[in-house]
Every structure is written in C-alpha cells, then in structure tokens.
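Survey of secondary and tertiary structure
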Amino acid sequence: MAGCVSRVELSVSCRSLLDRDLGSRSDPLCVLLQDVGSGQWAELDRTERIKNCQNPEFCKKLVVDYYFEKVQKLKFGVYDIDNKSFDLNDDDYLGGIECTLGQVVSSLVFTRPLELEQGKPAGKGTITISAEEIKDTRVVYLEIEARNLDKKDFLGKSDPFLELYKQSDAGMWQLVYRSEVIKNNLNPCWRKFSVPLQTFCGGDFNKPIKVQCADHDSDGSHDLIGTFETNLTQLQKAGDGSPVEFECIHPEKKQKKKSYKNSGIIRIKSCKIETEYSFLDYVMGGCQINFTVGVDFTGSNGDPKSPDSLHYISPDGINEYLIAIWSVGSVVQDYDTYVMILTDLATASKMDKLFPAFGFGAQVPPSWQVSHEFALNFNPSNPYCQGIQGIVDAYRQILPQIRLYGPTNFSPIINHVARFAAHSAQQGTASQYFILLIITDGEITDLDQTRQAIVNASKLPMSIIIVGVGEADFKAMEFLDGDNGVLKSLTGEPAARDIVQFVPFRQLKNAPWEALSQMVLAEVPKQLVSYYKWQGWPPVKSLEIKMM
C-alpha cells in the first residue's frame, strides 16, 4: 500500500459572509474537517480569526496529507468567533461546504457557495480554496570521475566506488549516496546519478558534504583510497566543460609521509539542480485524467439470472463488478474536470464528467455477433456515460439485452484506449493521461496479443487496472502485472515502463469498498510521473509560465 503522496496546504478566502454581529461585522474563522467514517468528522486544522471582515483572506494555511488512491471527503466550516473558547459550538455558523480533496487539487481555483445546511444558501456567501503542494521538488544531478587513484589490489588495480555523506545538525555523517563499483580501474567514470536536494543537504547549500572513495572488497573490508570535504555551493561550479577538481586524501598516509601529495584526483564533471515534478504538479498544472471502463461479459461469468453468476445483481443492488466500478470510479472522477470526447481523431468536444464504458465477449443485438468492444449504452458513436452512476445504470440496463459468450479478449479494448492516448501524446504536452479499468473473471484468451498491446501502451500516457472477480486462477493476470519482472511481448520487446496493476477482488471481499480503490490506484501517481519524466514534459501550467 502506497503511503501519503505528499502534503498540501490550502489557502482559503471568503466573500460576502453573513453579518451576525450587532454594531460590527463578523469575526470569521475557517475550520477544516475530514470524514473519518460512520458519519463522523475530525478536525484537521483551522485558520486564524479575522476581526470585522465579511471578505476574509486567511493568512494561516490549512495543511492536509494527500492520497491519490483515497476519496478524502472534506468539510470547510466558517464561524463568527466572539469569545476565546476553542469550542465552536457556542459560535455563530456562517456557512460551509463539503467536497473532496481531489476536487480541490484538480482545480486551479475551487469556488463554491456557502450553505447553512444542504440546500439552504448562506446569503450570497462564497468560499474559494486553492491548493499548493508542500514539497521541495529539486534534485541534485552529479557526474563524477577520478584520475590516478591509488592501486590497492595486490594482483590488479583498485575496484573504486564512491560514498557521499552529509553532516547532520548533531555533527554526525549520514550516507546519502553510494555509487556502483567499477572493476580494475584507476581512472573510473561513474554513472550520472541524482539525489533529492532535501536528502543531499537538507536544502542548505553550505552544509558540509564528505566524498569518500574506497576500493571494494567482496568480504566487505573495503580499503579507503581517500576522501575530501566540500559543499553544494562549491560543487555547483562544475559544468560547461569546466570540471571542479578535489584532491583525494588518505589521512593516515598524509600524516606518515611528508612527500605524500594525494591518492588521486576526483573530478566533478557536472553538478546541476533541477526540478523533479510530482503527481500533484501535473494534476494542478492542468493534466486531465480520463477514465474508461471495460466489463467482461463472457460466458464463464455464468447466467446473470442465477445467484451463482458473477453478474447476478443481489437484492441490495450490487455485485463485484458494480463494487469495482464504484470504488475506482469514485476516486478518478474528481480528476476528470472535463473529458475530451473524440468522435474521430481529428475533432473533439469538451464535456463534463463523461466516461466511456465498454463491454467485451458477448453476443449483442441485432446481429448477435460476438463483440470484443461494444458500448455499454449501445451507442458506438457516443459511448460516454454521465458520471459513475451513468456507467452503473448502463451496466444494469444492458445485462438482460445481451448473451454472455466468449472468448475473453483484452487487446481490442486496450488498443481502443491506446489510440486516444497516442493522439494526446502527439501534442507533446502533459495535458491528458488515460486510465483503463478492466473487470474480468480472469480466463483470458488472447494473451499474446494482450502482451503486445500492453508493451505498445507502455510508451503512451496510459495505465491499466485489472480487477479480477470470482474464484478463478488469475496467473495470467499476475503475469501481465509484471511485478516479478519486466513484461515482454511475444517477440521479446520489453515494456517501456510498468503500467499494469492487478488486484483479485477476493482478497478484499470483506474489506470496505475504499480498500479496493486504494490498492489498485496506489501505483497510478508513480506511473503518470514516470511517463512524463521519460518524455521530459513539464506540467502544462509550468510550461505556460516559462513561455510567457
């Protein structure tokens, strides 16, 4: 399970608040609460109180941990504070809103009317919230080589490697990086490497850094070649063909031999500090996340009319397919502020909260031919459903109108979404990312074609989530996941990156619905960032600022 993606600070302002004080204006304060389940809310943070103000802009930021894979329900409440008590129960309520953190971070500015209770406006009052990630996203990139290192091995040259340390506030040296070992070489050139700036020096460019070069021994008794101290300010002078050189000094040799000069020269070829963008940088920079659903309607699921069928809808109106759609879709929909609807690859229109949904493996009317890619709403020219509820409604309506059949082919639906991802990638900007959710009972037929489709899709802004329902053998799904090694096509071509996440529903059968979304979506932020980093594309908003 992935941990907190990052922390965000929320800036809050209000306009046209109700005036509850006699003879003066209200003294507003905003409190932030988070849904902790069972109808309970827990306070996370609160702003300062601003005296006599109906249009407050709060200076104090509200801080909250952010998780992509969770629906984090928030409540903002604005109160008129007339006493020094921390308890808000005796203060006048000026209005509030409920929303999700996903809605806030995916909006440049999130403004909503305040309500005293659901459906009852708080006059003309509004609240505006904007989010900013709390994170130093800078990374130090270094290229280092050495010349004329001491020979340490009796029968050969040294096997040198580097270790870099930062000095803690307590004066202790903390390891921040260890290089690879270069065998039998007194003039090594190590691979370019990167270390987060926070890890490297805590953001302090003058913090002491110790560089240590040693000869590697397989038994762990490495022999020191030499060391030196520097800081990031000095290291930054390297670059543009002008390396910075340091003498590699062995303290004991220097003390014993008057003629001792050094044990070699360490050359910093380049030292650059660059911004490494996070998932939130891309989402808050304008990246749209497009969600598509593919549902398995093959005969192995069983007759939907039978209680034994995986498509059987229980008296309480659910089955495993519906739970998967709800749990994953409820998270992703907050990041889909609009969806590009491509009627063909040349024209596009913007619609709000519309999600394409497809079925595969069934015989569909009127011809009753087997289809591996049919719209759940039976409208191939416009397969979009209005929100997650629209997908659920289309699923329920189509069940009695089709015949479950086979085979189970994944590649058509993967290739379908990949075409739109490829079209988006041609724009050369981090503007759209695609998530395909496939829900299946696991008996895949076109494994080789699916492998090739996934390898092809790994080069595109796209992730694939597979939820396995029922009690089938899911070895093929686990193979596609690639957690045990890089997935390769039948011809041996490796996937450019890992884009598949598989979760068997049975593992979470007795867990809350939220557990499924947390497990299957935990890898998406890393997959999205890895794609745009691979392409070298900054967030759209960042790119626009640079071009201005």
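Being a predicted model, the structure only gives us computed values, none of them experimental. (Residues numbered from 1 in each chain as written. Predicted model: local features only at pLDDT ≥ 70, side-chain atom pairs only at ≥ 80, totals over all residues. Heavy atoms only, no water.)

Moving on, we get to the domain arrangement of the chain. The domains assigned to the chain are domain 1 (6-134), domain 2 (138-275) and domain 3 (287-338 + 350-522). Look at where the C-alpha atoms of domain 1 and domain 3 centre, and you get two points 37 Å apart. In this assembly, 10 residues from domain 1 lie in contact with 10 residues from domain 3. Summing both sides of the interface, domain 1 and domain 3 together bury roughly 940 Å²; the carbon and sulfur share of this comes to 64%. Its largest share of buried area at the contact with domain 3, domain 1 owes to Phe68, Glu69 and Val71, together 59% of the area lost on that side. Joining domain 1 to domain 3, the criterion identifies 3 residue pairs in polar contact (both at pLDDT 80 or more). If one sorts the elements of the side of domain 1 that touches domain 3 by residue count, helix H1 (residues 101-105) sits on top with 3 residues. Considering only residue class, the side of domain 1 that touches domain 3 consists of 4 nonpolar, 4 polar and 2 charged. (Domains from an automatic or database assignment. Contact = heavy atoms within 4.5 Å. Buried area = accessible area lost by both parts, 1.4 Å probe. Polar contact = N/O pair within 3.5 Å; in protein donor to acceptor, adjacent residues only side chain to side chain. Helix = DSSP H or I, 4+ residues; strand = E, 2+ residues; numbered from the N terminus. Nonpolar A, V, L, I, M, F, W, Y, C, P; charged D, E, K, R; others polar.)

An order of S22-S21-S25 is seen for the 3 strands of this open sheet, with the pairing classed as antiparallel. On the outer flanks of this sheet lie strand S22 (369-371) and strand S25 (403-404), each paired with one strand and no other. Two elements, strand S21 (residues 362-364) and S25, share 2 bridges in a ladder whose sense is antiparallel. Of the residues in S25, the one forming a bridge with Gln363 is Arg403. (Pairing = 2+ DSSP bridges.)

Right, let's talk about the side chain of Asp296 for a bit. Mapping Asp296 onto the fold places it in strand S17 (residues 288-296). For the buried residue Asp296, which engages in no salt bridge, the nearest side chain bearing the opposite charge is Arg506, 13 Å off. Of note is the side chain of Asp296, whose polar atom sits 2.7 Å from the side chain of Thr440. (Buried < 20%, exposed > 50% of the residue type's maximum accessible area, 1.4 Å probe, protein only. Lys, Arg positive; Asp, Glu negative; His and termini not counted. Salt bridge = Lys/Arg side-chain N within 4 Å of Asp/Glu carboxyl O.)

With that settled, the discussion passes to unusual backbone geometry. Residue Pro366 is reached from Pro365 by a cis peptide bond, and omega for that bond is 0°. Following the sequence through the fold, Pro366 ends up in the loop between S21 and S22. At the junction of Gly406 and Pro407, the peptide bond is cis and its omega measures out at 0° in the coordinates. Residue placement: Pro407 occurs in the loop between S25 and helix H8 (411-425). Despite not being glycine, Asn184 shows a phi value in the positive range, around 50°. Within the secondary structure, Asn184 is located in the loop between strand S11 (173-178) and strand S12 (193-196). Of note in the backbone geometry, Asp240 takes a positive phi value of approximately 55° without being a glycine. Within the secondary structure layout, Asp240 lies in the loop between helix H3 (232-235) and strand S15 (244-247).

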